[in-house]
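# A structural walkthrough
This is what each chain is made of:
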Amino acid sequence: MAEAGVADDVDYLFGMHLGFLAGGGDTFICGTDGFLATTKIDADFHGVPAHAGAAPQEGRNALLAAANAAVNLHAISRHAAGVSRINVGVLEAGSGRNVIAEKAVLKLETRGETSAINSFMQEEALRIIQGAAAMQGVSVKIHEMGGAAGGQSDASISTYLRQAAERSGLFSTIIDKGSLGASEDFTCFLERVQNRGGQGGYAMIGINRSAGHHDGGFDFDEAALGNAVTVLALTVLDLLHLQ
């Protein structure tokens, strides 16, 4: 959507996340930095199947290639210029205990404090994946499944959000800035808007929740949704000088 230009004429851009750093339902964070640029990658390894007992020399083991890649991906040197991350979240391979594995897939992600650091991690990841495939004599196809840029909120937008949060009377704790330390596809729009002279900001609004994010028991008090809409509406009114 960003590449298609849907945000190219946007002057002010707002994003918001429920919970995360914001804690309980009476907390509001006006601005966010620490977005990590990220790339999501699938690597499909293709080898040659063979009977593991009768003719192992005829096989080319895709499972071993993927396993070797998974271990060495986590050994990539970290970048001196800022935070970097990598994670192999899925490894699927093989068809039976007595068969040299013909196929394997890795699903992984790289992250970086800046887009440049993430690019370093991505390039190193691709080098390691291709090297692991070559060691086992198998082929590999790499698919980029998605990603996001780095970024930070504009201070002016954070100021507008603070004024709206204060005027709403909904929050006992209002914090100027939080550092996300994760990735958000919102940054694809943020980067596009800021590069074209617009401004953007990303807030976090507190929720009362039953469990942490990405936990199967996660649930939250939906009153936070109304609080979020109130703050955004008040901010827009300020920006449009309709108070």
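Residues numbered from 1 in each chain as written. Predicted model: local features only at pLDDT ≥ 70, side-chain atom pairs only at ≥ 80, totals over all residues. Heavy atoms only, no water.

## Some thoughts on the pairing of strand β2 (residues 27-33)
Going by this rule: Partly exposed describes any residue whose relative accessible area lies between the buried limit of under 20% and the exposed limit of over 50%, with all areas from a 1.4 Å probe on protein chains only and scaled to the type maximum. Helix numbering and strand numbering both begin at the N terminus, where a helix is a DSSP run of H or I of at least 4 residues and a strand a DSSP run of E of at least 2. Any two strands between which DSSP finds at least two bridges are classified as paired.
Counting buried residues along β2, seven of its seven residues qualify, which places the element largely inside the surrounding structure. Where β2 lies against strand β7 (residues 173-179), six bridges are found, and the strand directions are parallel. Looking at the pairing, Thr32 lines up with Gly178 of β7. Bridge count for β2 against strand β8 (residues 199-205) is two bridges, and the pairing is antiparallel. Bridging from a neighbouring strand, Phe28 pairs with Ile205 of β8.

## Thoughts on helix α2 (residues 115-136)
Stated precisely, the cut-off is as follows: One less than the residue count of a helix, multiplied by 1.5 Å, gives the span that helix is expected to have. Whether two residues are in contact is decided by their heavy atoms: any pair within 4.5 Å suffices.
When the terminal C-alpha atoms of α2 are compared, their 32 Å separation across 22 residues agrees well with the 32 Å that a helix rising 1.5 Å per residue should span. Looking at the buried positions of α2, the neighbouring elements they touch are β3 (37-46), α1 (62-73), β4 (84-93), β5 (103-112) and β6 (139-148). Directly after α2, the chain includes Gly137, whose backbone phi takes a positive value near 70 degrees.

## Observations regarding the nonpolar core
Put simply, the test is: In this text, buried Ala, Val, Leu, Ile, Met, Phe, Trp, Tyr and Cys residues form a nonpolar core when linked through side-chain atoms within 4.5 Å.
Core analysis: the largest hydrophobic core is formed by 22 residues, its most contacted members being Phe45, Leu73, Ile76, Ile86, Leu106 and Leu108. Those residues in contact with Ile86, other than ones at most four positions away along the chain, are Leu73, His74, Ile76, Arg78, Leu108, Glu109, Thr110, Met121 and Ala125.

## Remarks on the packing of α1 against α2
The condition is simple: Helix axes are fitted to C-alpha atoms over the stretch in contact, other axes to C-alpha atoms as well, and angles between N-to-C directions run from 0 to 180 degrees. With the far helix as reference, a near helix turned anticlockwise by less than a right angle produces a left-handed crossing, and one turned clockwise produces a right-handed crossing.
With their axes 8 Å apart at the nearest point, α1 and α2 run at an angle of 145 degrees to one another. Here α1 runs over α2; the crossing is right-handed. Packed against α1, whose contacting residues are Leu64, Ala65, Asn68, Ala69, Asn72 and Leu73, the element α2 presents Ala125, Ile128, Ile129, Ala132, Ala133, Met135 and Gln136 at the interface.

## With respect to the sheet that holds β6
Read across the sheet, four strands follow the order β4-β5-β3-β6 without closing on themselves; strand pairing throughout is antiparallel. Of all the strands in the sheet, just β4 and β6 have a single pairing partner and so form its edges. Each strand of the sheet is rotated relative to its neighbour by a mean of 15 degrees, with strand direction disregarded. Looking at chain direction, β3 and β5 are connected through ten bridges and run antiparallel. Within β5, the residue paired with Thr39 across the bridge is Thr110. Packed onto the sheet, α1 meets β3, β4 and β5 and runs at close to 15 degrees relative to β5.

## Regarding the confidence of the model for the chain
Worth spelling out the cut-off: As a per-residue measure, pLDDT reflects the predictor's confidence and takes values from 0 up to 100.
Across the chain, the average pLDDT comes to 93, with 99% of residues at or above 70. Model confidence for the chain, summarised as mean pLDDT per element, is weakest for β7 at 90 and strongest for α1 at 98.

## Side note on helix α4 (residues 186-195)
Buried within α4 we find Phe186, Thr187, Leu190, Arg192 and Val193. Tucked into the core, α4 has its buried residues touching β1 (12-18), β6 and β8. Trailing α4 by a residue or two, Gly197 shows a phi angle of about 90 degrees, which is positive.

## Notes on the side chain of Thr110
Test applied: A 3.5 Å cut-off defines polar contacts: any pair of N or O atoms within that distance qualifies, except that in protein one atom must be a possible hydrogen donor and the other a possible acceptor, and neighbouring residues in sequence count only when both atoms are side-chain atoms.
Mapped onto the secondary structure, Thr110 falls in strand β5. Side chain to side chain, Thr110 and Asn118 meet in a polar contact 2.8 Å long. Excluding its chain neighbours within four sequence positions, the residues that come into contact with Thr110 are Ala37, Thr38, Thr39, Arg85, Ile86, Asn118, Met121, Gln122 and Ala125.

## Quick notes on the sheet that holds β8
Taken together, four strands build an open sheet; the order of strands is β1-β8-β2-β7 and the sheet is mixed. With partners counted over all chains shown, the strands left at the sheet margins are β1 and β7, one partner each. Put simply, the sheet's adjacent strands are angled 25 degrees from each other on average, direction ignored. Note: β1 against β8, seven bridges, orientation parallel. Its bridge partner being in β8, His17 is matched across the sheet by Met204. Contacts from helix α3 (residues 155-168) reach β1, β2, β7 and β8 within the one sheet, and its direction differs from that of β2 by about 175 degrees. Lying over the sheet, helix α5 (residues 223-239) contacts β1, β2 and β8, oriented at roughly 165 degrees with respect to β1.

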